[in-house]
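# Remarks on the overall topology
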Amino acid sequence: MMSTPLLPITVFVFTLALLGWGYFRSRKFGKLGLLSWLQFVALMSPWLVYFGLFVSGIFINFTTLLFLLLGSTIAYVAISNKLRKVATEERSTIEQKLKQDLEKMINDQSKSADGSSPVNSPIAVAMSQGKTQLKLFKAVPAEDMKLMQGMFGIETYYVTETIPYQEGAIFKGNLRGEPDVVHERLTKTLHERLGDKYNLFLVEGQDRKPVVIVLPSRVSNIDNNTVPQKILIAVLIIANAYTAVNLGALVSGIPVVQQPQEYLAGLPFALGVVAILGIRELAMRMMAKKYQVTMSLPFLLPSSQLGSFGAFSRISSPLPNRIALFDIAIAPAMASGLLSLLMLLVGLRLSAIGMGSIDIPTQIFQASVLAGTLAKLFLGDALRSSFIAIHPLVVLGWLGSVITALNLMPAGQLDGGRIVQSIYGRRTASWTTVLTLIFLVIATVINPLALYWGGIILILLRDLERPMLNELSELDEDREALGIVALFWMLITLLPLTSGVAARLGIGGVSGGLLP
């Protein structure tokens, strides 16, 4: 009788315990807490079902797992929408209750002969009842609020309603000019009155009307470089070094398990991967410095198939506008994309003149429209053979192109997600994130790598960037065109050649997968 593996049992029991603990903690937060717990359940349910059946001796096929993941994603999105709706309703209720309490206090105080407020007066009772609610908002000091309200006017932004929000305030009203001009004038006035104490955000409200939000500067900034995160970053660097060197050794044809003494033969290839990742980070941080934006340290994502998935860095300080978001997103994509393309072209040229040292099946070039087309231009009829010798730079350039293209997928805080958000806005970026995750689930049928990348997006990178200081001003046409070109480049890098097109081009035989 075959014993049940310990790992699936451990994962299953740990997940059940985690779900139970989360449920009991969420109950005290009411409906919002339970909806948040359901989000976690939706995220974990496919793996809970999978390992639960596995422990029971039932093995589900890969297609069933894909449908479970798809259903989990749809449920997660639906619960998220419901959570936002309930949060908005509860916030509106609290705001209305606060407004009524304040009006009652003013009326009661006006009826008092001496203006005093005894302990048992309606004012004291109302303040006592609203104490918890006021703690939720931590309203700004009265003198600060007065200065804020005085900076608005008919020529800039006409305020119709002021609502406490976190440690600041929301000002609803009507925009009276171009977003960039109004935001600049309001920000300048705010700084003249209160210095650098507050940041002013001009964003789109839930009713799609312009809204001004003022928050303390310390609330607007987030520290993403805590000690545990620095430890995690160090571990990820070591893991990436291992996967990159290991892949380099495999490309060199060295079985590392049997010949560990030859392990460092993969070091040159690993240095090539480091160069691609390094130029990405350098370009992004130079652009962030240009706009005076603070970013967290990079979190590298190891991959045994590609050496590395790249790295992601969270933006810690408020972005000034959409232009800054676009430039910070497009800079690493252009830098690593151009470097990888150069490596690929040089490698194909060296392969064409007989300097190839790695024998690979020609069918591999069917895995990418970009790589297959360029290979046909350089290698010609040599691709009709079953195998072809290529230079290591071809592999390195191709992998670099895939790393760049994966990060250009229009989802969350990836380069592509930031580009879509900067061009089309937050609502469109939310939909493209969902569609990208669904596409990756489907693409897993072709290549399991899509499942790993989809999981990373779902767990780490699904959230969009926080509101920008000026989120209403749109991009210029040149940046929009460049963003569309970048997204098109992503598609032709990741999409495979069809069998018919590959046959007409004379590239191998049966079509390949989504990724190399």
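Here's a quick rundown of the structure. Since we're looking at a predicted model, the values are computed, not measured.

## Concerning the overall build of the chain
Scanning the chain for helices and strands turns up 18 helices and eight strands. Summed over its atoms, the accessible surface of the chain is roughly 26500 Å², and 65% of this surface lies on carbon and sulfur atoms.

## Some details on helix α14 (residues 415–424)
Of all ten residues that make up α14, nine are buried, and the element is covered over most of its length. Taken residue by residue, α14 has Asp 415, Gly 416, Gly 417, Arg 418, Ile 419, Val 420, Gln 421, Ser 422 and Ile 423 as its buried positions. Here the buried face of α14 lies against α10 (267–290), α11 (322–352), α13 (392–407), α15 (426–443) and α17 (477–494). At the C-terminal side of α14, Gly 425 shows a positive phi close to 100°.

## With respect to the pairing of strand β4 (residues 210–216)
Within β4, six of the seven residues are buried, which leaves it mostly tucked inside the rest of the structure. One ladder, built from four bridges, connects strand β2 (residues 168–175) with β4; its direction is antiparallel. When the sheet's bridge partners are listed, Ile 170 is paired in β4 with Ile 213. Pairing of strand β3 (residues 198–204) with β4, which is carried by seven bridges, proceeds in the antiparallel orientation. In the strand pairing of β4, Phe 201 is matched with Ile 213. In this antiparallel pair of consecutive strands, β3 and β4, the connection spans five residues, and Arg 208 shows a positive phi of 65°.

## A word on the nonpolar core
Judged by nonpolar contacts, the single largest core of 69 residues is most densely connected at Phe 365 and Trp 453. When residues of this core are assigned to their parent elements, the largest contribution, nine residues, is made by α13.

## Details of unusual backbone geometry
For Gln 292, which is not glycine, the phi dihedral falls at a positive 55°. As for its placement among the helices and strands, Gln 292 is situated in the loop between α10 and β5 (299–303).

## Structural notes on the side chain of Glu 471
Here Glu 471 lies in the loop between α16 (449–461) and α17. For Glu 471, a relative accessible area of 9% gives the class buried.

## So, a nonpolar patch on the surface
A cluster of nonpolar side chains, namely Tyr 23, Phe 24 and Leu 34, defines an oily patch on the protein surface of about 280 Å² accessible area. When you line up the elements, Tyr 23 lands in helix α1 (residues 6–26). Accessibility expressed as a relative area gives 32% for Tyr 23, which makes it partly exposed.

## A word on the pattern of salt bridges
Enumeration over the complete set of coordinates arrives at ten salt bridges. Across the pair Asp 381 and Lys 376 runs a salt bridge, and its minimum N-O distance is 3.8 Å. Its salt-bridge partner being Arg 384, residue Asp 381 comes within 3.6 Å of it at the nearest N-O pair. Each member of the pair Asp 381 and Arg 384 is classed as exposed. Linked by salt bridges that have partners in common, Asp 327, Asp 476 and Arg 479 make up one network.

## With respect to empty space enclosed by the protein
In the structure shown here, the tally under the stated rule is three cavities of 30 Å³ or more. Here the largest cavity defines a volume of roughly 100 Å³. For the lining of the largest cavity, the secondary structure elements donating two or more residues are α10, β6 (307–312) and α14. Per element, the largest residue contribution to the lining of the largest cavity is three residues, and it comes from α10.

## As for the sheet that holds β2
Sheet architecture is open: four strands sit in the order β1-β2-β4-β3, paired in antiparallel fashion. Taken across any chain shown, the strands that pair with only one partner, and hence form the sheet edges, are β1 (157–165) and β3. Ignoring strand direction, the axes of neighbouring strands in this sheet form an average angle of 25°. Looking at chain direction, β1 and β2 are connected through eight bridges and run antiparallel. Across the sheet, residue Glu 161 finds its bridge partner in β2, namely Lys 172. Where helix α6 (residues 142–149) meets the sheet, its contacts fall on β1, β2, β3 and β4, and the angle it forms with β2 comes to roughly 15°.

## Points about the environment of Val 434
Among the structural elements, Val 434 can be located in helix α15. Its relative accessible area of 16% is what places Val 434 among the buried residues. Taking the C-alpha atoms as reference, Val 434 lies 7.8 Å from Val 77; in sequence the two are 357 residues apart.

## Overview of helix α12 (residues 369–379)
Looking at α12, one finds that the buried residues are Leu 370, Ala 371, Gly 372, Leu 374, Ala 375 and Leu 379. Tucked into the core, α12 has its buried residues touching α11, β8 (387–390), α13 and α17. Where α12 begins, the capping side chain belongs to Ser 368, and its oxygen is found 3.3 Å from the backbone nitrogen of Leu 370. Just beyond α12, the residue with positive phi is Gly 380, at close to 55°.

## Looking at the environment of Leu 282
Relative to the assigned elements, Leu 282 resides in helix α10. Assessed through its relative accessible area of 52%, Leu 282 is described here as exposed.

## So, the packing of aromatic side chains
For the structure shown, the criterion picks out five aromatic pairs. Geometrically, the ring pair formed by Phe 299 and Phe 312 is stacked, given 5.2 Å between the ring centres and 15° between the ring planes. Taken together, the positions of Phe 299 in strand β5 and Phe 312 in strand β6 put the pair 13 residues apart, joining distant regions of the chain. In textbook terms, an aromatic cluster arises when at least three aromatic residues are bridged by ring pairs, as seen for Phe 152, Tyr 157 and Phe 171.

## Considerations on the packing of α11 against α13
Across the interface, α11 lies against α13 with an axial gap of 7 Å and an inter-helix angle of 155°. Classified by the angle between their axes, α11 and α13 sit roughly antiparallel to one another. Taken as a pair, α11 and α13 cross one another with a handedness that is left-handed. Contact residues: Ala 333, Ser 336, Gly 337, Ser 340, Leu 341, Met 343, Leu 344, Val 346, Gly 347, Leu 348, Leu 350 and Ser 351 in α11; Leu 393, Val 394, Leu 396, Gly 397, Trp 398, Gly 400, Ser 401 and Thr 404 in α13.

What counts and what doesn't
Residues numbered from 1 in each chain as written. Predicted model: local features only at pLDDT ≥ 70, side-chain atom pairs only at ≥ 80, totals over all residues. Heavy atoms only, no water. Helix = DSSP H or I, 4+ residues; strand = E, 2+ residues; numbered from the N terminus. Areas by Shrake-Rupley, 256 points an atom, 1.4 Å probe, with all protein chains shown as cover. Buried < 20%, exposed > 50% of the residue type's maximum accessible area, 1.4 Å probe, protein only. Contact = heavy atoms within 4.5 Å. Pairing = 2+ DSSP bridges. Core = buried A, V, L, I, M, F, W, Y, C linked by side-chain atoms within 4.5 Å. Patch = residues over 30% accessible without salt bridge, like charges linked within 9 Å, V, L, I, M, F, W, Y side chains within 5 Å. Salt bridge = Lys/Arg side-chain N within 4 Å of Asp/Glu carboxyl O. 1 Å grid on protein atoms, 1.4 Å probe; cavity = no way out; pocket = protein on both sides within 12 Å on 5 of 7 lines; lining within 4 Å. Points joined across faces, edges and corners; volume = space filled by probe spheres on them. Axes fitted to C-alpha atoms, helices over the stretch in contact; angles between N-to-C directions. Polar contact = N/O pair within 3.5 Å; in protein donor to acceptor, adjacent residues only side chain to side chain. Phe/Tyr/Trp six-rings, centres within 6.5 Å; stacked < 30°, edge-to-face > 60°. Parallel < 35°, antiparallel > 145°, perpendicular 65-115°, else oblique. Left-handed = near helix turned anticlockwise from the far one by under 90°.

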